[in-house]
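Here's the letter readout for the chains.
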Amino acid sequence: MDTAFSNEDLKFQSEIRDFIKTNYPQELRDSINSKRKLGKELSREDLTAWHKILGKHNGWSAPSWPKQYGGAEFTPTQKYIFEQECAKAECQYIMPFGINMVGPVIYTFGNEEQKAQHLPGILSGEVFWCQGYSEPGSGSDLASLKTSAVKEGDYYIVNGQKTWTTMAQYADWIFCLVRTNPEAEKPQQGISFLLIDMKTPGVTVRPIKLMDGTHEVNETWFDNVKVPIENLIGQENMGWTYAKFLLAHERSGIAGVARSKKAIERIKQIASSEMSYGEPLIQDPAFKAKIAAAELELSALEYTELRTLAKDSAGKGPGPESSLLKIKGTDIQQAVTELAMEAVGYYANPHLGTTLSNEYVGPDYATNLSGTYFNFRKASIYGGSNEIQRNIIAKMVLGL
Amino acid sequence: MNFDYTEEQTLLDNMVTSFVRDNYDWDTRCNIVKSEEGWKEENWKQFAELGLLGVPFDEVYGGLGGKSTDLMIVMEQFGKGLVVEPYLPTVILAGGLISKLGSEEQKNSIIPEIISGNVRCAFAYAEPQSRFDLNDVKTTAVLNGDDYVLNGFKSVVFGAGMASHLIISARTDGDQRSESGISLFIVDTKSDGLTLQNYPTIDEYRASEVIIENLKVSKDNVLGEVNMAYEAIEEIVDISTIAACSEAVGILQVLKDSTTEYCKNRKQFGQSIAKNQVIQHRLVDMMIEYEQAKSILYMAVTADLSNSDERKKAVSAAKARIGKAIKFVGESAIQLHGGMGVVDEYMVSHYFKRATMIGVLFGNTDYHMKRYMTLTQSGISSSDEAISVSVT
């Protein structure tokens, strides 16, 4: 057992650190920070600028991708270090839809033309992807999805509705699960995996506002959308296999340990400024105990993640244990957003910290902490609700 | 970065696992704890033959030079078998103090005897008023000619009844709670002035109350420098705490696995109760707690234990977090076993009881939470003193 970084790892760490220092644009950090605080929507440029910079540097935008497809092919330890350093420097995270989701599906199951067409744009960050999985009637029971694709000549004609399509408002492409065989014996057997250009006539995106007022997710409608049959990934009716591969494939970073660590540091700073009973809040035994509990949980989770990574690098594959990372990781993210909101007391109230005449109110650090708390209730629901994750562990790990 | 055992560690793991499998089946264990002695000397001899008693000691004295990972391996497997022989008190706790503080002469005369199984030691540190505070020592030692004379009372001394020697902490200077002024003495358990009241614990281990009345100890039997024992005590208790955490993780694994099996087999309403989602999710949560406990144990075992700040922080983080896991996994195991969970006859209650008592050993969850908070937030907090005064 050895968790110390090797000299090579340490060299890698300082390489990453230096790169971020030299290449992460300060204006980007400032622009994102101020928009976050004010609850303003991040622009497509905000979301992709860092991705584009990394994409020009040894495939760093795709830490897990094999080198042959232009990725960085980091070792698990390197991936861990990379994530830590990016979180510490508060770099904008890379949108997962291209890099972590559809990219690996394309290079694993796609044909040569599809790889040549799509992988470079995903790597460089020039092409923005979104995910068409959930439907109004198909949340946890994803396989019941109804969006249909009927083959007519060289095209599939797609009809139906996807929902919770994150950042569809910016997307150039969407990867979709569609039903190609409604007669199949099991619902899972009639599903195919299609890539659809968002500019195709008949695709309509409508925003869904979340409870904190932000616009992250959308409804995406398909009305007789003509999709060339070349955009089918793998074989028709085998989409469920690719969908599951996608869900289980890239779970590294799902726990968000490094970002939660950073968030706890921030809460400690806030709680040193906030007063309670005439003393800094950080000295309040009850508040202090909650911070410590979050730290312990996070410390345990960090080692759970490291154990998973180590197993992964030994070629044993991450497997359904990654459901544990999702459950605990989101638990902690939610606990941390709650503590931050709690720390500012009454100043959780002013919506976006601004008056009707656009003046700031309250301490600078308090702005939108309650918004973030409300926003993060999504974490235990998305990506397979935490109840579904428990079902997965019960079945796949405990054999129940 | 890896979490694999080395070849030697794998051998050690296999060896302890086979010992538990071959010598510690449930019936055998029940007979051992019901016997008058409460342990089995034959097993101790076997530990000696297998080299287990030498794991943490320096090769110079005939030990194996093992590190915290090796002790974790031994204790985790002992936990799985609920092994009652006093390995932790003798080898890790008392043995650790002797290795840390003993003179060459003391080490040469005692350590080989521990390794060969002839000498067993226990460490008498807790007192009725001290709770978990290692610095709270009322027992006194006064120099009189070439001897110290000790008077006082030591509480819940694990393994004392099986020990040939006790290490006793006593105050040679300072007031009751001062860290300086504490000294350690090695004494024969049969010495005049020493009375042991032996008893079984709720989890079927053995402990003793130790009454010390005008106990004469030669100056030669002071362990380490007079007045200066506190730091070493804290360090060795920390190392022992990691060992206790390892035992707990072994126990939690048994509780989680056996409860999962039980729920698969137990039928109600015409089907296995494990078909109920409410049961499944409880079992999953037990697994998550177990994995988190194991992870934070790995964090502590791989921490830089030679750095005292890092050691204290890591140990308290692990003990506090594992304490929480013990409560959840233990109580869930009993609940999901239903009626079978609450009876003495079935093994699950015994694992639950041992795990719960490990929760208390060397400081419970709240105690270590407070220590962790003091260590991690002392830079910011100016009222730590006020807070630590309220610790009782």
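Each chain carries its own residue numbering, running from 1 in the direction its sequence is written. Numbering of ligands from 1 and lettering of chains from A proceed in the order in which they are written. Where totals are concerned, whole chains, interfaces and linings use all residues; where local detail is concerned, this predicted model gives features only for residues with pLDDT of at least 70, and gives and counts side-chain atom pairs only at 80 or more. Computation of side-chain values: all heavy atoms of the structure, hydrogens and water removed.

## Quick word on the overall build of chain B
For the record, the criterion: In this text, helices come from DSSP runs of H or I with a minimum length of four residues, and strands from runs of E with a minimum of two, each type numbered from the N-terminal end. The atom set for the radius of gyration is the C-alpha atoms, and the globule formula is 2.2 Å times the number of residues raised to the power 0.38. Buried residues are those whose accessible area, probed at 1.4 Å on protein chains only, stays under 20% of the maximum for their type, while exposed residues exceed 50% and partly exposed ones sit between those limits. Only heavy atoms enter the contact rule, under which two residues are in contact if any of them lie within 4.5 Å. Residue exposure ignores everything except the shown protein chains as possible cover, and the areas themselves are Shrake-Rupley values with a 1.4 Å probe. Positive charges come from Lys and Arg alone, negative charges from Asp and Glu alone, with His and the N- and C-terminal ends not counted. The atoms used to mark charge sites are NZ of Lys, CZ of Arg, CG of Asp and CD of Glu.
The helix and strand tally for chain B stands at 13 helices and 10 strands. For a compact globule of 392 residues, the expected C-alpha radius of gyration is about 21 Å, and chain B comes in at 21 Å, within 12% of that figure. For the C-alpha atoms alone, the extent of chain B along its principal axes is close to 80 × 55 × 40 Å. For chain B, the residues scored as buried account for 57% of the 392 residues in total. Sequence-distant contacts in chain B: of pairs separated by 6 or more residues, those separated by 24 or more amount to 73%. For chain B, the computed accessible surface area is about 16300 Å², with 49% contributed by carbon and sulfur atoms. Chain B carries 37 positive and 55 negative side-chain charges, and their two centres are separated by 7 Å.

## Remarks on the domain arrangement of chain A
All names here are of chain A. How we decide: Segment limits for the domains were obtained from an automatic or database-derived domain assignment. Throughout, buried area stands for the accessible area (probe radius 1.4 Å) lost by two parts on being put together, summed over both. Salt bridge criterion: a side-chain nitrogen from Lys or Arg within 4 Å of a carboxyl oxygen from Asp or Glu.
Looking at chain A, the domain boundaries give domain 1 (7-94), domain 2 (129-243) and domain 3 (251-396). For domain 2 versus domain 3, the distance between C-alpha centres works out to 31 Å. Residue-level contacts link six residues of domain 2 with eight residues of domain 3. Between domain 2 and domain 3, roughly 510 Å² of surface is buried when both sides are summed, and carbon and sulfur atoms account for 53% of that area. In terms of surface lost to domain 3, no three residues of domain 2 exceed S140, M211 and D212, which account for 77% of the buried area on that side. Remark: the boundary between domain 2 and domain 3 carries one salt bridge.

## Brief notes about the interface of chain A and chain B
Every contact between the two is made by 40 residues of chain A and, on the other side, 45 residues of chain B. Note on chain A versus chain B: buried area summed over both sides is about 4000 Å², and carbon and sulfur give 64% of it. If you look at where chain A meets chain B, you find four salt bridges. In this structure, the salt-bridge partner of D285 of chain B is R390 of chain A, at a minimum N-O distance of 2.7 Å.

## Here we look at the packing of aromatic side chains
To keep it simple, the criterion reads: Geometry of aromatic contacts follows a simple scheme: Phe, Tyr and Trp rings, the Trp one being its six-membered ring, pair when their centres are within 6.5 Å, and the pair is stacked under 30 degrees between planes, edge-to-face over 60, tilted otherwise. The rule is short: NZ of Lys or CZ of Arg within 6 Å of the ring centre and within 35 degrees of the ring normal puts a charge over the ring.
Scanning all chains against the criterion turns up 33 aromatic pairs over all chains. Plain terms: the ring middles of F109 of chain A and Y242 of chain A are 4.5 Å apart, the flat faces sit at 40 degrees to each other, and that makes the pair tilted. Here F109 of chain A, found in helix α5 (residues 96-109), pairs with Y242 of chain A, found in helix α7 (residues 239-249); they are 133 residues apart in sequence, far enough to count as distant. Through a chain of ring-to-ring contacts, three or more aromatic side chains come together here, namely F12, F19, Y24, W50, W60, F74 and F82 of chain A. The ring of Y205 of chain B has R354 of chain B sitting right over it, with the charged end atom 3.9 Å from the ring centre.

## Topic: the packing of helix α2 (residues 26-37) of chain A against helix α3 (residues 44-55) of chain A
Residues and elements named next belong to chain A. Put simply, the rule reads: To define axes, lines are fitted to C-alpha atoms, for helices over the stretch in contact only, and angles between the resulting N-to-C directions are given on a 0 to 180 degree scale. In this scheme the crossing of two helices becomes right-handed for a clockwise turn of the near helix relative to the far one and left-handed for an anticlockwise turn of less than a right angle. Ten residue types, Ala, Val, Leu, Ile, Met, Phe, Trp, Tyr, Cys and Pro, are classed as nonpolar, four, Asp, Glu, Lys and Arg, as charged, and the remainder, Gly among them, as polar.
At their nearest, the axes of α2 and α3 sit 10 Å apart, and the two run at 145 degrees to each other. The handedness of the crossing between α2 and α3 comes out as left-handed. When α2 is examined against α3, the residues L28, S31, I32 and K35 are found in contact with a partner set consisting of D46, A49 and W50. Grouping the constituent residues of the contact of α2 with α3 by class yields four nonpolar, one polar and two charged.

## Comments concerning the domain arrangement of chain B
Residue and element names in this part refer to chain B. The test is simple: A 3.5 Å cut-off defines polar contacts: any pair of N or O atoms within that distance qualifies, except that in protein one atom must be a possible hydrogen donor and the other a possible acceptor, and neighbouring residues in sequence count only when both atoms are side-chain atoms.
In terms of domain boundaries, chain B breaks down into domain 1 (7-119), domain 2 (122-227) and domain 3 (231-389). Here the C-alpha centroids of domain 2 and domain 3 sit 29 Å apart. Listed per partner, the contact involves 14 residues of domain 2 and 14 residues of domain 3. For the pair domain 2 and domain 3, the summed buried surface comes to about 1200 Å²; carbon and sulfur atoms form 68% of the total. Broken down residue by residue, the surface that domain 2 buries against domain 3 is led by F132, L134 and D203, which jointly contribute 43%. Seen at the junction of domain 2 and domain 3, the total is one salt bridge. Salt-bridge contacts for D203 lead to R354; the nearest nitrogen and oxygen are separated by 3.0 Å. Here domain 2 is connected to domain 3 by six residue pairs in polar contact (both at pLDDT 80 or more). Tallied by class, residues from the side of domain 2 that touches domain 3 come to nine nonpolar, one polar and four charged.

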